[in-house]
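# A structural walkthrough
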Amino acid sequence: MPYVRGSFTGEKARQMARSGNSSGRDLRPLPWWPEGICEKIDKVIWRVYLLGESGEDWNEFTAYDSRGKVLGVHRADGY
């Protein structure tokens, strides 16, 4: 069952998408989406999916524009 781990808005959300990590640091950027999408991002919602005792889980980052339209979804194995 998924749960919301965090919500990022504005410049913080765009920095996170451009850096490719939830801290927003540009240590070795691996952008989650092309720049054309990153510049339109207004909000990123971070959801965590836990699949039970097996320890398998993943994180999902969904980018939205200012009207609430989904711009992209990025999934990553557990952090």
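Here is what the cut-offs are and how they apply
Residues numbered from 1 in each chain as written. Predicted model: local features only at pLDDT ≥ 70, side-chain atom pairs only at ≥ 80, totals over all residues. Heavy atoms only, no water. Pairing = 2+ DSSP bridges. Helix = DSSP H or I, 4+ residues; strand = E, 2+ residues; numbered from the N terminus. Axes fitted to C-alpha atoms, helices over the stretch in contact; angles between N-to-C directions. Contact = heavy atoms within 4.5 Å. Core = buried A, V, L, I, M, F, W, Y, C linked by side-chain atoms within 4.5 Å. Buried < 20%, exposed > 50% of the residue type's maximum accessible area, 1.4 Å probe, protein only.

Let us look at the sheet that holds strand 3 (residues 57–64). The pairing of strands in a sheet happens through backbone hydrogen bonds and is either parallel or antiparallel. Read from one edge to the other, the open sheet built from four strands follows the order 1-2-3-4, with strand pairing classed as antiparallel. The open sheet terminates on both sides in strands that have one partner only, identified here as strand 1 (2–9) and strand 4 (70–77). Averaged over all pairs of adjacent strands, the angle between strand axes in this sheet comes to 20°, irrespective of strand direction. Sheet strands touched by helix 1 (residues 10–19): strand 1 and strand 2 (43–50). Its angle to strand 1, the strand with the most contacts, is close to 110°.

Moving on to the pairing of strand 4. Bridge analysis of strand 3 against strand 4 gives seven bridges, and the strand direction is antiparallel. Bridge pairing in strand 4 links Glu 60 to Arg 75. Where strand 3 folds back onto strand 4 in an antiparallel hairpin, the turn is made up of five residues, including Gly 68, whose phi is positive at roughly 90°.

Turning to the nonpolar core, a few remarks are in order. Judged by nonpolar contacts, the single largest core of 13 residues is most densely connected at Trp 33, Ile 41, Val 44 and Phe 61. Contributions of two or more residues to this core are made by helix 1, strand 2 and strand 3.

Quick look at the side chain of Arg 14 now. By the element assignment, Arg 14 lies in helix 1. Note on Arg 14: relative accessible area 19%, which makes it buried. If near-sequence neighbours (up to four positions away) are discounted, Arg 14 is found in contact with Cys 38, Glu 39, Ile 41 and Asp 42.

Coordinates in, geometry out; function isn't part of it.
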